[in-house]
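What follows is each chain in one-letter form.
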Amino acid sequence: MKKRIKAELWDKTQYILSKYYDRMMHVAIYSEGDLDLQILRRAIKKVVDNVYVLRSRYSANIFKHHWVVNDDYTLDDMATKEEVADLRGATEEFLKGYISHRAKLQFRAKIFTSGNACSFALLVNHQCFDGNELKYVTGKIIECYNAIIREGNADSVSIRNGSREMKQLYEKMDPKKVTIAKKLYNNASKMGVKSHFRFTQEKDVEKRFVTDRLDISIFDKLKQRGKEYGASINDVILAAYFRAYAKEAGFSNDEVLNITSIIDLRRHLMKGEQLDGCTNMVAFMPCKIDGVGETYIDTLKKVAAINNAHKEDEVVGLYGIPLLALAYKVFRWDFIANLAVRIGYENPIMQMSNLGKIPNSCMTFEGCKPVDVFVTGAVKNRPYFQLTCVSMDTHINFCIAEKCSETDERYIKIMLENMKKDLVEFAQ
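To keep things clear, this report deals only with the structure shown in the data block. (Residues numbered from 1 in each chain as written. Predicted model: local features only at pLDDT ≥ 70, side-chain atom pairs only at ≥ 80, totals over all residues. Heavy atoms only, no water.)

## Quick word on the packing of aromatic side chains
Per the counting criterion, the structure on display carries 15 aromatic pairs. For the pair Tyr58 and Trp67, a centre-to-centre distance of 4.8 Å together with 70 degrees between the ring planes defines the contact as edge-to-face. On the basis of relative accessibility, which here comes to 1%, the residue Tyr58 falls in the buried class. Its relative accessible area of 0% is what places Trp67 among the buried residues. (Phe/Tyr/Trp six-rings, centres within 6.5 Å; stacked < 30°, edge-to-face > 60°. Buried < 20%, exposed > 50% of the residue type's maximum accessible area, 1.4 Å probe, protein only.)

## A word on helix α7 (residues 216–227)
The terminal C-alpha atoms of α7 lie 17 Å apart, and with 12 residues this matches the ideal 16 Å at 1.5 Å per residue to within 8%. Among the residues of α7, those classed as buried are Ile216, Phe219, Leu222 and Gly226. Each buried residue of α7 sits inside an arc of 105 degrees when the element is viewed along its axis, so together they form one side. Looking at the buried positions of α7, the neighbouring elements they touch are β8 (206–215), α8 (233–249), β14 (385–391), β15 (395–404) and α12 (406–427). (Helix = DSSP H or I, 4+ residues; strand = E, 2+ residues; numbered from the N terminus. Expected span 1.5 Å × (residues − 1). Arc of directions from axis to C-beta. Contact = heavy atoms within 4.5 Å.)

## Considerations on the sheet that holds strand β7 (residues 117–125)
The 5 strands are arranged β5-β6-β7-β2-β12 in an open sheet whose pairing can be described as mixed. Pairing within the sheet leaves two strands with one partner each, and these edge strands are β5 (80–83) and β12 (369–376). Strand-to-strand twist in this sheet, taken as the mean axis angle between neighbours without regard to direction, amounts to 15 degrees. Direction of pairing for β5 relative to strand β6 (residues 107–114): parallel, over a ladder of 4 bridges. Opposite Glu83, over in β6, you have Thr113 as the bridge partner. Against the sheet, helix α2 (residues 37–50) contacts β5, β6 and β7, and its axis sits at roughly 160 degrees relative to β6. With respect to the sheet, helix α3 (residues 87–95) is in contact with β2 (24–32), β6, β7 and β12, its orientation differing from that of β7 by roughly 10 degrees. (Pairing = 2+ DSSP bridges. Axes fitted to C-alpha atoms, helices over the stretch in contact; angles between N-to-C directions.)

## So, the pattern of salt bridges
Applying the stated criterion across every chain yields a total of 31 salt bridges. A salt bridge links Asp71 to Arg55; the shortest N-O distance between them is 2.7 Å. Here the residue Asp71 occupies a position in the loop between β4 (66–69) and β5, and Arg55 occupies one in the loop between α2 and β3 (56–59), the gap between them amounting to 16 residues. The class for Arg55 is buried, based on a relative accessible area of 6%. Across the pair Glu228 and Arg225 runs a salt bridge, and its minimum N-O distance is 3.5 Å. In the salt-bridge network here, residues are joined through shared partners; they are Asp130, Glu133, Arg160, Asp264 and Arg266. (Salt bridge = Lys/Arg side-chain N within 4 Å of Asp/Glu carboxyl O.)

## Quick notes on the packing of helix α9 (residues 296–312) against α12
The geometry of α9 relative to α12 is characterised by a closest axis approach of 11 Å and an angle of 90 degrees between their N-to-C directions. With respect to α12, the element α9 is oriented roughly perpendicular. Each of Tyr296, Ile297 and Leu300 in α9 lies in contact with α12, whose residues at this interface are Asp422, Leu423 and Phe426. Here the residues of the contact of α9 with α12 are counted per class, giving 5 nonpolar, no polar and 1 charged. (Parallel < 35°, antiparallel > 145°, perpendicular 65-115°, else oblique. Nonpolar A, V, L, I, M, F, W, Y, C, P; charged D, E, K, R; others polar.)

## Considerations on the sheet that holds β4
In spatial order, the strands read β1-β4-β3; together these 3 strands make up an open sheet with antiparallel pairing. A strand with exactly one partner marks an edge of an open sheet, and here the two such strands are β1 (4–6) and β3. This sheet shows a mean twist of 30 degrees between the axes of neighbouring strands, independent of strand direction.

## Here's the deal with the pairing of strand β11 (residues 350–357)
Two strands pair when backbone bridges link them, and strand β9 (residues 257–264) and β11 are joined in this way by 2 bridges, in the parallel orientation. Following the sheet pairing, Thr260 is matched in β11 by Gln351. Two strands pair when backbone bridges link them, and β11 and β14 are joined in this way by 6 bridges, in the parallel orientation. By the bridge assignment, Lys357 is partnered in β14 with Ser391.

## Section: the packing of α8 against α9
Here α8 crosses α9 at 130 degrees, and the two axes come no closer than 9 Å. One way to sum up the angle between α8 and α9 is to call them oblique. Considering how the two elements wind past one another, α8 and α9 form a crossing that is right-handed. When α8 is examined against α9, the residues Asp235, Val236, Leu238, Ala239, Ala240, Phe242 and Arg243 are found in contact with a partner set consisting of Tyr296, Thr299, Leu300, Val303, Ala304, Asn307, Asn308 and Lys311. Of the residues that constitute the contact of α8 with α9, the class distribution is 9 nonpolar, 3 polar and 3 charged. (Left-handed = near helix turned anticlockwise from the far one by under 90°.)

## Section: the environment of Lys194
Residue placement: Lys194 occurs in the loop between α6 (175–181) and β8. Classification of Lys194 as exposed rests on a relative accessible area of 55%. C-alpha of Lys194 to C-alpha of Asn258: the two residues are 64 residues apart in sequence and 8.5 Å apart in space. Discounting chain neighbours no more than four positions away, the residues touching Lys194 are Glu346 and Ile349.

## Quick look at the state of the cysteines
Under the criterion given, the structure shown has 0 disulfides. Distance from the sulfur of Cys278, which forms no disulfide, to the nearest cysteine sulfur (Cys128) is 9.6 Å. (Disulfide = S-S within 2.5 Å.)

## Considerations on helix α4 (residues 131–151)
Between the first and last C-alpha of α4 there are 29 Å, a value that for 21 residues agrees with the 30 Å anticipated at 1.5 Å per step. The N-cap residue of α4 is Asp130: its side-chain oxygen and the backbone nitrogen of Asn132 are 3.2 Å apart. (Polar contact = N/O pair within 3.5 Å; in protein donor to acceptor, adjacent residues only side chain to side chain.)

## Here's the deal with the side chain of Glu92
With respect to the element layout, Glu92 can be found in helix α3. No salt bridge is formed by the buried Glu92. Its closest oppositely charged neighbour is Arg88, at 4.8 Å. The contacts of Glu92, once residues within four sequence positions are left out, are Tyr30 and Phe209. (Lys, Arg positive; Asp, Glu negative; His and termini not counted.)

## Some thoughts on a negative patch on the surface
A surface patch of negative charge is lined by Glu202, Asp204, Glu206 and Glu406. A relative accessible area of 34% means that Glu202 is categorised as partly exposed. (Patch = residues over 30% accessible without salt bridge, like charges linked within 9 Å, V, L, I, M, F, W, Y side chains within 5 Å. Areas by Shrake-Rupley, 256 points an atom, 1.4 Å probe, with all protein chains shown as cover. Charge placed at Lys NZ, Arg CZ, Asp CG, Glu CD.)

Purely spatial values, then, with no claim about function.
Structure below.
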């Protein structure tokens with residue numbers, strides 16, 4: 001009988017909320033040089049051999065959802081390679097793909113080459129794990145690749161392959177915090193704000209990645225200037241996001257708005273602890289402001305005050321998780337629990353995900369020099385909207401992944417330009 005893995009809380013939630021987004025995660029590393037396909041296949045297989053969920057089929061039966069582990073896969077299944085004229089265009093087109101939860105592998109990987117440049121593109125089902133683990137898995141693939149070149153094999157590379165269960169978070173938290181956290185049954189998903197980005201009603205839509213970037217020197221200045229207002233770099237970006245969103249959507253300066261940040265619940269682990277396996281361990285941190293005010297500084301002060309209050313809360317992000325978990329305990333059949341979650345859970349319309357910095361050293365394949373990184377979560381369906389941020393040694397990238405029309409894309413580009421303008425002006 002094939003091995004089964006219990007479907008965890010966010011595995012199920014990601015599955016039932018698929019109408020809001022494509023449920024994929026996307027990463028691409030652009031480099032000078034070339035990648036060896038056979039070595040990359042061996043590297044990926046080493047990771048997939050350990051991270052079982054990447055080689056599992058998700059079974060959404062009416063009783064209990066679970067993963068069925070697949071052992072029928074080969075080196076050839078791990079990755080493919082193609083020479084193209086337009087490196088970035090071909091890479092992004094590949095990343096617009098979709099992987100069924102029923103597929104035997106929950107990822108696709110491909111090398112694209114163009115002249116003396118290449119990209120490594122990886123598409124993963126978000127049910128498998130979150131953005132933090134996506135960075136981890138990508139890093140392990142690179143580590144295995146480099147080990148094979150240097151040592152002939154990847155035996156020296158250790159990969160987490162243990163429990164994916166939600167309960168390990170509570171087991172590895174301070175017991176005093178656990179007592180509080182397990183009583184947080186309030187529905188944190190309901191914010192009462194329905195405002196959203198200005199979208200058209202045009203029917204001709206497709207998946208689009210709308211991007212922009214800031215030089216790292218400006219990014220460093222933003223961090224320093226933010227400190228003058230008790231604001232983190234996340235607050236600084238979020239304030240600019242609020243203002244650009246409000247301007248493009250045509251909201252007044254006193255319109256109540258909300259943008260929800262995705263936070264990593266691993267922040268609650270006791271020092272020295274880590275999760276046993278690759279899983280989803282994130283939550284939402286809403287930022288609801290009573291308008292953006294007259295100036296960028298007005299917005300920043302409001303954002304910093306709200307987020308600083310969140311940070312002082314020792315159980316931030318843990319609100320509502322017991323409520324979600326309770327639904328799956330009360331109703332014996334996952335089919336009925338899914339209906340309850342659909343009714344009671346409110347997916348945030350406007351979101352932001354800051355994946356932090358990925359140093360060049362963590363993106364370097366042997367024989368290559370990294371020049372850019374592209375990472376984003378799911379492609380949202382209108383009106384749902386998410387800004388994803390990720391930085392490297394030379395710059396920070398912004399991305400809006402949206403299924404929308406060409407006109408919508410123009411509006412999003414204008415929003416990103418306005419956001420960048422505010423950030424540059426604040427840095428100076």
